Number of protein chains: 2
Amino acid sequence: MRMRSTSKPPELTRAEWKIIKAVWDNEPCTAPAIQEALFKQTAWTYSTVRTLMDRMVAKGLMTSEKTGKMTLYRSRVTRQQAQRGELLSTLKNAFNGALTPMVQCLIDARRLSETELAEIEALIESKKRNLKK
Amino acid sequence: MRMRSTSKPPELTRAEWKIIKAVWDNEPCTAPAIQEALFKQTAWTYSTVRTLMDRMVAKGLMTSEKTGKMTLYRSRVTRQQAQRGELLSTLKNAFNGALTPMVQCLIDARRLSETELAEIEALIESKKRNLKK
DNA sequence: GGAATATCTCTACAAATGTAAATTATTTTG
DNA sequence: CAAAATAATTTACATTTGTAGAGATATTCC
C-alpha cells in the first residue's frame, strides 16, 4: 500500500544544503569529490566536508557505504522532499501557514518579469484543471 | 534619497520567530508580557524569553528601552522584512534562486482549494497589470 | 516595615553548527 | 621498495541556539 508520507520532511542547515545539492548532482559519490565540487564556492577543506557528510548520515539525510578504500555516499532524501520541507517550515514559521500572503510576499520580493508571471500563472491554471478533474 | 534596502534581510531562528511574532502583536511590550503571551504555546520561563529577547536586541532585531523599572521592547524589523528574508533565503538555499520551481513546489506541497488557487491567480493578475503600467 | 510580588541581572550549560588540524592508513608510481 | 599522493579517522574548538536557575531589586499591599 502506497502511503502518504508520514514522517515530517527534513530541515537542512545552510551548510547541509550546499552539500546535498552537490551530492544530488554526483551521487553516488565520495567525500573528496564533493569537497572538490564545492571548493570554488565554499573553500571548505576535506575535513570540513567529510564531517558534514558524516553528520548528515547520522541524521538520516544520506547513506554511506564503505567499498574497500573509499566511502560512497548517497542521498536519502530527494530534492523534492528537502525543498518541500524547507518551504513548509517557512510557511509555518513566517506566515503562520497562510499560503496567500506567502505568495504575495514572493511576488513583491523580486521584480518579476512578465515571463515569470506567465509561467506561474500557467502552473496555477494547470493545477486548477487538475483539481476539477 | 530613498534607497533600495541595501542590508540583506534578517534571518530568524525558530525561537526568534515565535518571539517576534508576539512582539509585533503587542509592541511596545515588556518581556513578562511576551512570556505570558507565549506560555501556552511554548511553556518557556521568563528567563528563557528574556534571554532570547536580549539576544535579538544584540542582533538588531529589536530595541529595548529601560523606563524606570521596566524594559520596553520594540521590533526593529517589520513583518514584511522578516518574511521576505526568510523567503529569499529559502529561495536561494533550496531552489537556487529559481522562482518557478519554488511556486511549483508550493502548489504541490499542499492540496490547495479552488479558493486559494483563485486568490493566488488574482495576485498574479494584479501584478501583471501593475507591471504593464 | 515586612511579606509578597514582579522584574531584572547574571551565570550556566547542553546541543547543534561551522570549521578544521593532526595523525594514520592506503594506494600509486618512479 | 621508498616517496608521493589520497583518503580516512580522530579530536578539537569557537559560535550559535535552546533553555533556565539563582540571586538581587524594586514595588506593593497589609
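Anything mentioned here points back to the structure above.
Rules used throughout
Residues numbered from 1 in each chain as written. Chains lettered and ligands numbered in written order. Predicted model: local features only at pLDDT ≥ 70, side-chain atom pairs only at ≥ 80, totals over all residues. Heavy atoms only, no water. Helix = DSSP H or I, 4+ residues; strand = E, 2+ residues; numbered from the N terminus. Rg over C-alpha atoms; globule rule 2.2 N^0.38 Å. Buried < 20%, exposed > 50% of the residue type's maximum accessible area, 1.4 Å probe, protein only. Contact = heavy atoms within 4.5 Å. Areas by Shrake-Rupley, 256 points an atom, 1.4 Å probe, with all protein chains shown as cover. Lys, Arg positive; Asp, Glu negative; His and termini not counted. Charge placed at Lys NZ, Arg CZ, Asp CG, Glu CD. Buried area = accessible area lost by both parts, 1.4 Å probe. Salt bridge = Lys/Arg side-chain N within 4 Å of Asp/Glu carboxyl O. Nonpolar A, V, L, I, M, F, W, Y, C, P; charged D, E, K, R; others polar. Near = heavy atom within 4 Å. Polar contact = N/O pair within 3.5 Å; in protein donor to acceptor, adjacent residues only side chain to side chain. Expected span 1.5 Å × (residues − 1). Least-squares fit on C-alpha atoms with pLDDT ≥ 70 in both.

A.B. asks: Residues and numbers for the overall build of chain A, please.
C.D. replies: Helices and strands together make up the secondary structure of chain A, namely six helices and two strands. Scaling as 2.2 N^0.38, a compact globule of 133 residues should have a C-alpha radius of gyration of about 14 Å, whereas chain A reaches 19 Å, well beyond that. Projecting the C-alpha coordinates of chain A onto the three principal axes gives extents of approximately 55 × 40 × 25 Å. Looking at chain A as a whole, 43% of its 133 residues qualify as buried. Sequence separation of at least 24 residues holds for 48% of the intrachain contacts in chain A that already meet a minimum separation of 6. A total of about 7900 Å² of accessible surface is found on chain A, and carbon and sulfur atoms cover 51% of it. Charge-centre separation for chain A: the mean point of 24 positive side chains lies 6 Å from the mean point of 14 negative side chains.

A.B. asks: Residue-level account of the interface of chain A and chain B, with values.
C.D. replies: Contact residues are listed per partner, giving 46 residues for chain A and 46 residues for chain B. Taken together, both faces of the contact between chain A and chain B bury some 4900 Å²; the carbon and sulfur share is 65%. Summed over the three residues of chain A that lose the most area to chain B, namely Leu87, Leu99 and Leu106 of chain A, the buried surface amounts to 13% of that side. Residue Arg14 of chain B is joined to Glu11 of chain A by a salt bridge in which the shortest nitrogen-to-oxygen separation is 3.9 Å. Every element with two or more residues in the side of chain A that touches chain B is listed here: helix 1 (14-26), helix 4 (79-95), helix 5 (99-109) and helix 6 (114-132) of chain A. For the side of chain A that touches chain B, the leading source of residues is helix 6 of chain A, giving 13 residues. Split by residue class, the side of chain A that touches chain B holds 19 nonpolar, eight polar and 19 charged.

A.B. asks: Break down the protein's contact with DNA strand D for me, citing the residues and quoting the values.
C.D. replies: Around DNA strand D lies a shell of 19 residues, among which Lys66 of chain A together with Thr13, Ser47, Thr51 and Lys59 of chain B are the nearest. Here DNA strand D approaches the protein such that, of its atoms within 4 Å, sugar and phosphate make up 60%. Here a phosphate oxygen of DNA strand D sits 3.0 Å away from a polar atom, N or O, in the side chain of Tyr46 of chain A. For DNA strand D, a phosphate oxygen lies 2.9 Å from a polar atom in the side chain of Arg50 of chain A. At the level of elements, helix 3 (46-58) and strand 2 (70-75) of chain A together with helix 1 (14-26) and helix 3 (46-58) of chain B are the ones that each hand at least two residues to the surface near DNA strand D. The greatest single-element share of the surface near DNA strand D, amounting to five residues, is contributed by helix 3 of chain B.

A.B. asks: Explain helix 1 of chain A to me, and be specific about the residues and the numbers.
C.D. replies: Relative to the 18 Å expected for 13 residues at 1.5 Å per residue, helix 1 of chain A spans 19 Å between its end C-alpha atoms, a close match to the ideal helical length. For helix 1 of chain A, the complete set of buried residues consists of Glu16, Trp17, Ile19, Ile20, Lys21, Ala22, Val23 and Trp24 of chain A. Looking at the packing, one finds that the buried side of helix 1 of chain A touches helix 2 (31-42), helix 3, strand 1 (62-67), strand 2 and helix 4 of chain A together with helix 4 (79-95) of chain B.

A.B. asks: Can you tell me about the relation of the copies chain A and chain B, naming the residues and giving the values?
C.D. replies: Both copies of the chain are placed relative to one another by a rotation about an axis and a shift along it. Taken as rigid bodies, chain A and chain B are interconverted by a rotation of 180° and an axial shift of 0.0 Å, the fit giving an RMSD of 0.1 Å. Expressed as a symmetry operation, the mapping of one chain copy onto the other fits a two-fold axis. Distance from the rotation axis, computed per C-alpha, reaches its smallest value in chain A at Glu121 of chain A: 3.3 Å. Most of the interface of chain A is mirrored in chain B, where 100% of its interface residues are also at the interface.

A.B. asks: Got a sec to walk through the protein's contact with DNA strand C? Specific residues and values, please.
C.D. replies: Inspection of the region around DNA strand C gives 18 residues, with Thr13, Ser47 and Thr51 of chain A together with Lys66 and Thr71 of chain B positioned closest. If you look at DNA strand C and keep only atoms within 4 Å of the protein, 59% of those are sugar or phosphate atoms. Between DNA strand C and Thr13 of chain A there is a distance of 2.8 Å, counted from a phosphate oxygen to a side-chain nitrogen or oxygen. In this structure, a phosphate oxygen belonging to DNA strand C sits 3.2 Å away from a side-chain N or O atom of Thr48 of chain A. Sorting the residues of the surface near DNA strand C by element identifies helix 1 and helix 3 of chain A together with helix 3 and strand 2 (70-75) of chain B as the ones contributing at least two each. At four residues, the largest contribution of residues to the surface near DNA strand C is made by helix 3 of chain A. Residues belonging to the surface near DNA strand C are distributed by class as follows: five nonpolar, six polar and seven charged.

A.B. asks: Explain the environment of Ile124 of chain A residue by residue, including any values.
C.D. replies: Following the sequence through the fold, Ile124 of chain A ends up in helix 6. With near-sequence residues (within four places) excluded, Ile124 of chain A lies in contact with Ile107, Leu117, Ile120 and Glu121 of chain B.

A.B. asks: Give a description of the side chain of Glu121 of chain B that names residues and reports values.
C.D. replies: Inspection of the secondary structure puts Glu121 of chain B in helix 6 (residues 114-132). The class for Glu121 of chain B is buried, based on a relative accessible area of 12%. In this structure the side chain of Glu121 of chain B is engaged in a polar contact, spanning 2.8 Å, whose partner is the side chain of Lys128 of chain A.

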